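Chain by chain, the residues run as shown.
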Amino acid sequence: MFRNKLFVVLLIIPVFLSSCFEVIEEITMGKDGTGTMTLTVNFSQSRTRIAAIMLADSIHGYKVPSKQEIQQEMDKTVAQLNKMPGISNVGSTADFTNFVASIHFSFKDVADVNHLIRALLEQYKVKDTNIPTYNYNKDETRFTREYTYSNDVRTQFNQLTNRDKEIFSNAAYISILRFESTITSYSNKLARISKNQQAIIQRLAIPDLINGRTNISNQVQLSK
């Protein structure tokens, strides 16, 4: 169940075969509320090890998916996203040399991303209450991402074996929010503003997110 949750949220098949990887979320917002989103999982720091693992049938009791199976899952998700209201220009990339995979799409309103995530949760029969939600108020030029921590994630994580927990020990989550307008203020002080004041970047350890030691909520006020 825990692995399925990560698959749905990240929109790619969970090949968690290394303890060193990055999950990257990038959102680019236009002044009119439209934008793009890219979700990436980067295993390049462990590509040598993963390349060797991909040659095996299974590891630690888990079946190792083939490159074809990974691509098929990504294609399946792309097809599903293309059916979502407000979502367009869906595409994916899979680099099996450096082991970096991503899915990207455009949205008419960032709230469409909320519907997208919930639809996928329903498709994979996953019940989850602590997923981020997005909102953009055009009149007030304010972007909001809300994330409410739930102990369910920690409880499910603690049910994993110590060996499986180790997979996440050095994993990182990176959020990049880009805007056309200048950022005048933001609520999450763990995030950092770019030099041109048009982007917010936050990097955190996934174990801290799982255990509720940090938060990715943010309210970003933009100039009019």
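Residues numbered from 1 in each chain as written. Predicted model: local features only at pLDDT ≥ 70, side-chain atom pairs only at ≥ 80, totals over all residues. Heavy atoms only, no water.

Visitor: Quick one: what's the story with the overall build of the protein chain, residue by residue and with numbers?
Guide: Summing up its helical and strand segments, the protein chain has seven helices and 13 strands in all. Taking all 224 residues of the protein chain together, the buried fraction comes to 48%. In the protein chain, 63% of the contacts between residues at least 6 apart in sequence involve partners at least 24 apart. On the protein chain, roughly 11,300 Å² of surface is accessible, and the fraction owed to carbon and sulfur atoms is 49%. (Helix = DSSP H or I, 4+ residues; strand = E, 2+ residues; numbered from the N terminus. Buried < 20%, exposed > 50% of the residue type's maximum accessible area, 1.4 Å probe, protein only. Contact = heavy atoms within 4.5 Å. Areas by Shrake-Rupley, 256 points an atom, 1.4 Å probe, with all protein chains shown as cover.)

Visitor: Any chance you could break down the packing of aromatic side chains for me, citing the residues and the numbers?
Guide: Enumeration over the complete set of coordinates arrives at three aromatic pairs. Ring geometry for Y134 versus F143: centroids 6.5 Å apart, planes at 45°, classification tilted. With centroids separated by 5.6 Å and ring planes inclined at 65°, the aromatic side chains of F143 and F179 adopt a geometry described as edge-to-face. Note that F143 is positioned in strand β8 (residues 142–146) and F179 in strand β9 (residues 172–179), a separation of 36 residues in sequence. For F179, a relative accessible area of 7% translates into the label buried. In this structure, K189 is placed above the aromatic ring of Y186, and the distance from its NZ or CZ to the ring centre is 4.6 Å. (Phe/Tyr/Trp six-rings, centres within 6.5 Å; stacked < 30°, edge-to-face > 60°. Lys NZ or Arg CZ within 6 Å of the ring centre and 35° of its normal.)

Visitor: Quick rundown of the side chain of T144? Include the residues and the values.
Guide: Here T144 lies in strand β8. If near-sequence neighbours (up to four positions away) are discounted, T144 is found in contact with T133, Y134, N135, N218 and Q219.

Visitor: Which residues make up the confidence of the model for the protein chain, and what are the values?
Guide: Within the protein chain, residue pLDDT values average 83, and 86% of them lie at 70 or more. This stretch, residues 1–18, has a pLDDT under 50; its non-local contacts, to residues over four places away or in other chains, come to 66 contacts. (pLDDT = per-residue confidence, 0-100.)

Visitor: I'd like a rundown of the environment of F157, residues and numbers included.
Guide: Along the polypeptide, F157 turns up in helix α5 (residues 151–158). In sequence terms F157 and I210 are 53 residues apart; their C-alpha atoms lie 7.6 Å from each other.

Visitor: Report on the pattern of salt bridges, specifying residues and quantitative values.
Guide: Applying the stated rule across the entire model yields five salt bridges. The closest approach of N and O atoms between D208 and R213, which form a salt bridge, is 2.8 Å. Residue classification places D208 among the partly exposed positions, given a relative accessible area of 25%. (Salt bridge = Lys/Arg side-chain N within 4 Å of Asp/Glu carboxyl O.)

Visitor: Could you give me a rundown of the side chain of N218, with the residues and numbers involved?
Guide: Its location among the elements puts N218 in strand β13 (residues 218–222). The exposure class assigned to N218 is buried, which follows from its relative accessible area of 2%. Only 3.2 Å separates the side chain of N218 from the backbone nitrogen of S187, close enough to count as a polar contact. In terms of polar contacts, N218 uses its side chain to reach the backbone amide nitrogen of N188, at 3.0 Å. For N218, the contacting residues outside a window of four places in its chain are F143, T144, R145, Y186, S187, N188, A191 and I200. (Polar contact = N/O pair within 3.5 Å; in protein donor to acceptor, adjacent residues only side chain to side chain.)

Visitor: Kindly report on the sheet that holds β8, identifying the contributing residues and their values.
Guide: Sheet strands pair by backbone hydrogen bonding; their relative direction is either parallel or antiparallel. Read from one edge to the other, the open sheet built from four strands follows the order β7-β8-β13-β10, with strand pairing classed as antiparallel. Edge positions in the open sheet fall to β7 (133–137) and β10 (183–186), since each of these has one partner strand only. Adjacent strand axes in the sheet meet at a mean angle of 15° when their direction is disregarded. (Pairing = 2+ DSSP bridges. Axes fitted to C-alpha atoms, helices over the stretch in contact; angles between N-to-C directions.)

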